[in-house]
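# What the coordinates show
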Amino acid sequence: MLSVTILTRKTWSRTLTYQRNFTSVRTDRPETLPTVAEVLALPVFADGGARVLAGAASLGNAVRWVHVVEAQDVTELLDGHELLLATGVGWPDGDGWIPGYIAELAAARVAGLVLELGTRYQQAPVRLVECCLSQGLPLVVLERRVKFVSVTEAVHGRIIAEQMGALKARDEVHALFSELSLRGSPADYIVAQLGAVLGSPVVLEDMAHQVVAFESPGLPEELLLASWESRSRSAHRARAQDTGEETRTAVLGLEGWLVTPVQARGTRWGYLIALEGAPHPAGRALVLEQAAVALSLSRLADGTGDHWTPASQHWLLASLLQGRYRSEIALRARFEAMGLPVTQRRLCGLALRIDHGLSRRDAGPARGTGNRETAFPSTAEVSRLARSMGLNAVASWSAPADGETLLMALSVPGPGPGRVAPRAAIDAFAAKLQELVRSQSSTHGRAVVAAGAVVEQVGALAASLQEALEVLNATPRLTAVDPEPVLHRAAERSLRGLIGALRTDPRVQSYVERNLGAVLHQDARHGSDLLEVLRAYLAHPGNRTKAAANSHLSRSVFYQRLDTIEGLLGVDLADGEVIAGLQAAVIAWETTRGA
């Protein structure tokens, strides 16, 4: 015969106080608790012949605690998520009380009701089954008698084991993101680790709802990022309307985003968002919040207002140039979400270099020194300048072996009534960039800007950027007296672009030595300026008077040096083919020395 302890209200209150104290130090996140279905899978329920009669759709309810309950009026003492065990011996006669009782249990968020048959009932009352069905409350019957103490022991052991696992998981999460904070890990790496921990897509966005970094496990990035800004604004607007509260972690929008702010010292920089995914032992909200803290500490340690902008734009352009994208659809979604509209736009790659007024003889490879002069304008300034002109741009400073270069992807509205033509808009942007450089440079630096082809597909933007870079590398450095062209275009500098692309080829280098070696040796040995004279002549091969004027030499001295050059090289400078060959050699020398 099964012995059942019927809890009085006094005993129940003491037990519930213990339960409350215990659960308060564990968790209030149901996702870290076992579900009714998981509890029913325990051997003790199998021994009792457990059978679900109602509420099968709610077997995912979390179970916080198990209690034996025979009294009818204890629902006011429930905290929620309790699994109740009963034999029915303390229930009133008849069934008129059942609807109200089951409604109270459902309102108290009880996990489920387990009724043991054989003591009071040989089968579950029909009215009880009907009411549980209507309320969606799981009703389980035990066909065979079991010791309720064995049930509570087994379930509580499972709950405690779950909570110990949760505590261990929280320690691991805390250790991970604390280590990332101390290491100074960048935002994109922190976001990548968060995605790996949660096993679900995560996004870091700024206050303008533009993507800074993302990780997309299990979901194509084009689906994750599609129309991101509008989706994000809708989700945040729903929270503002529902709660007016934006300082806490919350589930937002129709997609069920879990969102927490990234902020510190009263300043908010953006939001960290996790899409729906499997539960985590530490609680998904806690994991998200720990990552947000790591991002906040990283932002504080950086100490600049544009901490996220350079890193995200550098990653965006690097992924384009290195082909690190799955499809053009995914690439388009990535650019749109990260602030560069590409749909029905004209796109152009640009490259910028800053020359600081050195003479050509002294000009050499630019060396990154890490100061402000080698990294202005900033990428954020470039983006702001573009927006002020009705355009959009992302930019990235790089430091290749031949000097620092600012690469830019420019998005221009397509042709239309009342719109500036894309080519004119790009020219105007380049001119504004040069003005910005002049205003910021303390060494009278001037910007040399090159542009690739204007394209319509985002995938073709990589080739446009490469063209711009090749033209820039083939363009000699400006001196203090050189005019400053607005823009060097790939189409207008096709020979320079071709030679610049081949400048590392040993055959090109040998060609330079064969055609210019004697002149270069003479200048190096005697400190002469024969190469400068030759360059001035090649700039105006049909007008020696103008060439002499541009070289700042008298005509007689200029002509004497041309004679010297002809003697050293053994050529006739009046021969058109000779002029063309020397021009190619000089361009090749400029691409390897002057750029």
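The structure contained in this document is the topic of the report that follows. All values derive from a computational prediction rather than experimental measurement.

### Notes on the environment of Val68
Among the secondary structure elements, Val68 is positioned in strand β2 (residues 65–68). Linking Val68 and Thr152, residues 84 residues apart in sequence, is a C-alpha distance of 8.6 Å.

### Overview of the side chain of Ser232
Checked against the element boundaries, Ser232 lands in helix α9 (residues 228–242). The residues contacting Ser232, other than those within four sequence positions of it, are Glu205, His209 and Trp257.

### Description of the packing of helix α17 (residues 506–526) against helix α18 (residues 530–539)
The angle between the axes and the distance between the axes are what describe a pair of packed helices. At their nearest, the axes of α17 and α18 sit 8 Å apart, and the two run at 135° to each other. With respect to each other, α17 and α18 are oriented oblique. Where α17 approaches α18, its residues Leu516, Val519, Leu520, Gln522 and Asp523 are matched on the opposing element by Leu530, Leu531 and Leu534. When its residues are assigned to classes, the contact of α17 with α18 shows six nonpolar, one polar and one charged.

### Section: the packing of aromatic side chains
One pass over the structure, following the stated rule, counts seven aromatic pairs. Taken together, the ring pairs connect Trp91, Trp97, Tyr101 and Tyr121 into an aromatic cluster.

### A short note on the sheet that holds strand β4 (residues 112–116)
Ordered by their spatial adjacency, five strands build an open sheet running β1-β5-β4-β3-β2, and the pairing between neighbours is mixed. Edge strands, defined here as strands with exactly one partner in the open sheet, are β1 (50–54) and β2. Direction aside, the axes of adjacent strands within the sheet are offset by 25° on average. In this sheet, strand β5 (residues 139–142) lies alongside β4 in parallel orientation, the contact comprising four bridges. Among the inter-strand pairings, Leu113 is bridged to a residue of β5, identified as Leu139. Contacts from helix α5 (residues 126–135) reach β1, β4 and β5, with the element oriented near 70° to β1. Packing of helix α6 (residues 148–183) onto the sheet brings it into contact with β2, β3 (82–86), β4 and β5, and relative to β2 it is tilted by some 165°.

### Some remarks on helix α7 (residues 187–198)
In this model, α7 (12 residues) spans 17 Å end to end at C-alpha, consistent with the 16 Å of a helix rising 1.5 Å per residue. Every buried residue of α7 is listed here: Ala187, Ile190, Val191, Gln193, Leu194, Gly195 and Leu198. Positioned one or two residues after α7, Gly199 has a phi angle of 70°, which is positive.

### A look at the environment of Asp47
Mapped onto the elements, Asp47 comes out in helix α3 (residues 43–47). Considering only alpha carbons, one finds Asp47 and Arg144, 97 residues apart in sequence, at a separation of 7.5 Å. Once residues within four sequence positions are removed from consideration, Asp47 is found in contact with Arg144 and Val146.

### So, unusual backbone geometry
Backbone geometry places His81, a non-glycine residue, at a positive phi of 70°. Examined against the element boundaries, His81 turns out to sit in the loop between β2 and β3. A relative accessible area of 14% means that His81 is categorised as buried. In this model, Arg109 sits at a positive phi of 60°, which is unusual for a non-glycine residue. As for its position among the elements, Arg109 is in the loop between α4 (98–107) and β4.

### Thoughts on the packing of helix α11 (residues 308–321) against helix α12 (residues 328–337)
At their nearest, the axes of α11 and α12 sit 11 Å apart, and the two run at 160° to each other. Taken as axis vectors, α11 and α12 run roughly antiparallel relative to one another. Viewed along their axes, α11 and α12 form a crossing whose handedness is left-handed. Note on element contacts: α12 touches α11 through Leu331, Arg334 and Phe335, opposite Trp315, Leu316, Ser319 and Leu320. Among the residues forming the contact of α11 with α12, the class breakdown is five nonpolar, one polar and one charged.

### What about the pairing of strand β10 (residues 267–274)?
Within β10, six of the eight residues are buried, which leaves the element mostly enclosed by the surrounding structure. Examined bridge by bridge, strand β6 (residues 202–206) and β10 share five bridges and lie antiparallel to one another. Note that in β10 the partner of Leu204 across the bridge is Leu272. Note that strand β9 (residues 257–264) and β10 share seven bridges and pair antiparallel. Pairing of Pro261 across the sheet is with Tyr271, part of β10. Counting the residues in the hairpin turn of β9 and β10 gives two residues, including Arg265, whose phi is positive at 50°.

### As for the pairing of strand β11 (residues 345–355)
By the criterion of burial, β11 is predominantly enclosed, with 10 of the 11 residues buried. Bridge count between β11 and strand β13 (residues 405–413): eight bridges; the pairing is antiparallel. The partner of Leu347 across the bridge, within β13, is Ser411. As paired strands, β11 and strand β14 (residues 446–455) are joined by eight bridges and run antiparallel to one another. Bridge assignment links Leu347 to a residue of β14, and that residue is Val455.

Rules behind the numbers
Residues numbered from 1 in each chain as written. Predicted model: local features only at pLDDT ≥ 70, side-chain atom pairs only at ≥ 80, totals over all residues. Heavy atoms only, no water. Helix = DSSP H or I, 4+ residues; strand = E, 2+ residues; numbered from the N terminus. Contact = heavy atoms within 4.5 Å. Axes fitted to C-alpha atoms, helices over the stretch in contact; angles between N-to-C directions. Parallel < 35°, antiparallel > 145°, perpendicular 65-115°, else oblique. Nonpolar A, V, L, I, M, F, W, Y, C, P; charged D, E, K, R; others polar. Phe/Tyr/Trp six-rings, centres within 6.5 Å; stacked < 30°, edge-to-face > 60°. Pairing = 2+ DSSP bridges. Expected span 1.5 Å × (residues − 1). Buried < 20%, exposed > 50% of the residue type's maximum accessible area, 1.4 Å probe, protein only. Left-handed = near helix turned anticlockwise from the far one by under 90°.

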